[in-house]
Amino acid sequence: MASTLPDHPHTTPQPEALHQAERGGRVEVHGIDHIPETERRGRARELFPVWAAASVNYLNLVVGGALVLSGLGLWQAFAVVVVGNLCWLGTGLLAVSGPAAGAPSEVITRALYGVRGNRANNAVTGWMISVCYFALNLAAAAVAAFSLAERAGITPTTPTKIAIVIAIVVVTLTISVYGHAVIVRVYLPITLALAAAFAVVGYAIVRHADFGWHQPQPLGGGQLWAAVFAGVTLIASGPLSYTTSADFSRYLPRTTRPGAVLGWTALGGFLPSVVVGGLGVLGATAVDMTDPQASLQQILPGWFVPVFLLALVVGTIAVNALTAYSAGLALQAVGIRIRRTLSVLADGTVAVALTLYALLVSNFLDTVSNVLQLTVVLLGPSTAIYATDILLRRNRYDGRALTDESPGSPFWYRAGVNPAGAAALAAGVTASALCVDTLYTGPVAALTGVDLALPAGILVAAAVYGVLMRGLRAAPQS
């Protein structure tokens, strides 16, 4: 039996009732089930603030500063920020499959890996990595919130810290539970508010920045290329983590131009990421970016510091609401028959537990952070396979057929697994692992001195999948 499960599995809401519910701000009724054409609405440009709100954040500022700390010169770091963020084009390409299928990425990828194979894919790429990112972002927001509480005269004791973390999660999960319509509605004002806050930060940074700054000991030769490739990989890990971009485009009408979906998604992520990352680069010439939250307060107006801290919290909430939304869909796609609302709450509970353990008990956060440096080994190949499938099928997906999980499904392949997808992912991950240089040094990286995990994984996975799936004909439209 298929496990396509809307939030209210025993009722089939009528289209007009759905529109009224969304206008009234009620909980989204759909989970991983197919969205009929009669229930689609909206325009591609609505995707811009969704991705912009998730990109105007503290993490991009920190990563920009980290590039300079790694030894890159000012203009070298700027170039790395731009090149790494070009991977938002991949995020935009994956998003075009949403309107075509009327289904989230977690279901569309059944075409890549098969019904059963895709469950494993969602368990790791869709759920586990998402929950880890949720915990990391939540920890960063919590630290900013603790500082904000201190400024308000509240001593951040352990009970207070727990209360603050839970409060942030409640706001985050409320957005995720209410779902797609609320995300589209509230992310425009969130984007505008965050842009205004970071404009003040940007003014302070530009005012104190040294545009003539250079590294005391500039890198050259192999060391320079190693730093460049490592920086591009670090920047690219952001957009590559959004292999679920179709989750937020699937409500658009099928007739929506794919180019518009790709463009507004990519631009929404690329533009703010480059601007904020560039501010981080400049910030490294003015303050100590090893602790940017504390250091930036030295050059910000005193009245603005609480606003800055609040903006860090709000930005993280915007990122994590998207992450929790997709993680909830991934949990359904794994095969667990649970309503989307409950799956989102379950994800939030796990993330809270990880975050509290990290902040209050041990250095678990450092461990997870190091592990996530390796996610590009998996995310690069999986993004490449997804993008290649879209191109091979000419973005034609039968959304209703994708919801069929029975052995008679056209996406059952062999025993529920698509050998081409499995082989391509294994080959891509292997190639990437051989070239990686983070927690460990792969043999290829040891020979070259450069971390080529990102391009190697992408190229090998795409090539293997393209060869094994050659002759694939586009699925008929539903």
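This one's a predicted model, so the numbers in the text were calculated from it and none came from an experiment.

Observations regarding the confidence of the model for the protein
Then, number 1: Per-residue confidence for the protein gives a mean pLDDT of 86; residues scoring 70 or more make up 90%.
Then, number 2: Highest mean pLDDT in the protein belongs to helix α5 (residues 88-95) (97); lowest belongs to helix α1 (residues 15-23) (44).
Then, number 3: With pLDDT under 50 throughout, residues 1-24 is counted as low confidence; its partners more than four residues away or in other chains account for 53 contacts.
Then, number 4: Every residue in residues 473-478 is under pLDDT 50, and counting partners more than four places away or in other chains gives 13 contacts.

Examining the pattern of salt bridges
Then, number 1: Throughout the structure, instances matching the rule amount to 5 salt bridges.
Then, number 2: For Glu-37, the salt bridge identified is with Arg-40, shortest N-O distance 3.8 Å.
Then, number 3: Exposure remark for Glu-37: the relative accessible area of 39% places this residue in the partly exposed category.
Then, number 4: Measuring nitrogen to oxygen at the nearest pair gives 2.8 Å for the salt bridge that ties Glu-405 to Arg-119. Here Glu-405 is found in the loop between α19 (399-402) and α20 (419-435), whereas its partner Arg-119 is found in helix α9 (residues 115-151), with 286 residues between them in sequence.
Then, number 5: Shared partners join several salt bridges into a network, and the residues in it are Arg-110, Arg-119 and Glu-405.

Remarks on helix α11 (residues 180-208)
Then, number 1: Along its 29 residues, α11 runs 41 Å from first to last C-alpha, staying within 8% of the 42 Å computed at 1.5 Å per residue.
Then, number 2: By the largest-angle criterion, Tyr-187 marks the main kink of α11, which is about 35°, and a proline, Pro-189, follows within four residues.

Description of helix α10 (residues 158-178)
Residue pairs three or four apart in sequence face the same way in an α-helix, which turns once every 3.6 residues.
Then, number 1: For α10, with 21 residues, the first-to-last C-alpha span of 30 Å sits near the 30 Å given by 1.5 Å per residue.
Then, number 2: For α10, the full list of buried residues reads Ile-164, Val-165, Ile-168, Val-169, Thr-172, Leu-173, Ile-175, Ser-176 and Val-177.
Then, number 3: Positive backbone phi, approximately 90°, marks Gly-179, located one or two places after α10.

Some details on the packing of aromatic side chains
Then, number 1: Inspection of every chain in the model, using the stated rule, returns 10 aromatic pairs.
Then, number 2: The interplanar angle of 75° and the centroid separation of 5.0 Å between the aromatic rings of Trp-51 and Tyr-242 together place this pair among those described as edge-to-face. With a gap of 191 residues between them, Trp-51 in helix α2 (residues 47-55) and Tyr-242 in the loop between α12 (221-240) and α13 (258-283) connect regions that are remote in the sequence.
Then, number 3: Taking the relative accessible area as the measure of exposure, Tyr-242 reaches 11% and is therefore buried.
Then, number 4: Three or more aromatic residues joined by ring pairs make a cluster, and in this case those are Trp-51, Trp-88, Tyr-242, Phe-248 and Tyr-325.

Structural notes on unusual backbone geometry
Then, number 1: Although it is not a glycine, Asn-395 sits at a positive phi angle of roughly 55°.
Then, number 2: Within the secondary structure layout, Asn-395 lies in the loop between α18 (375-392) and α19.
Then, number 3: One non-glycine residue, Tyr-413, lies in positive phi territory at about 55°.
Then, number 4: With respect to the helices, strands and loops of the structure, Tyr-413 is situated in the loop between α19 and α20.
Then, number 5: By relative accessible area, Tyr-413 is classed as partly exposed at 30%.

Overview of the environment of Gln-332
Then, number 1: Along the chain, Gln-332 turns up in helix α15 (residues 305-333).
Then, number 2: Considered as a pair, Gln-332 and Val-344 are 12 residues apart in the sequence and their alpha carbons are 9.8 Å apart.

Section: a nonpolar patch on the surface
Then, number 1: Together, Val-82, Val-83, Leu-86 and Leu-89 make up a nonpolar patch on the protein surface, roughly 320 Å² of accessible area in all.
Then, number 2: Following the sequence through the fold, Leu-86 ends up in the loop between α4 (74-85) and α5.
Then, number 3: Residue classification places Leu-86 among the partly exposed residues on the basis of a relative accessible area of 42%.

Rules behind the numbers
- Residues numbered from 1 in each chain as written.
- Predicted model: local features only at pLDDT ≥ 70, side-chain atom pairs only at ≥ 80, totals over all residues.
- Heavy atoms only, no water.
- pLDDT = per-residue confidence, 0-100.
- Helix = DSSP H or I, 4+ residues; strand = E, 2+ residues; numbered from the N terminus.
- Contact = heavy atoms within 4.5 Å.
- Salt bridge = Lys/Arg side-chain N within 4 Å of Asp/Glu carboxyl O.
- Buried < 20%, exposed > 50% of the residue type's maximum accessible area, 1.4 Å probe, protein only.
- Expected span 1.5 Å × (residues − 1).
- Bend = angle between axes of the 7 residues up to and from the residue.
- Phe/Tyr/Trp six-rings, centres within 6.5 Å; stacked < 30°, edge-to-face > 60°.
- Patch = residues over 30% accessible without salt bridge, like charges linked within 9 Å, V, L, I, M, F, W, Y side chains within 5 Å.
- Areas by Shrake-Rupley, 256 points an atom, 1.4 Å probe, with all protein chains shown as cover.

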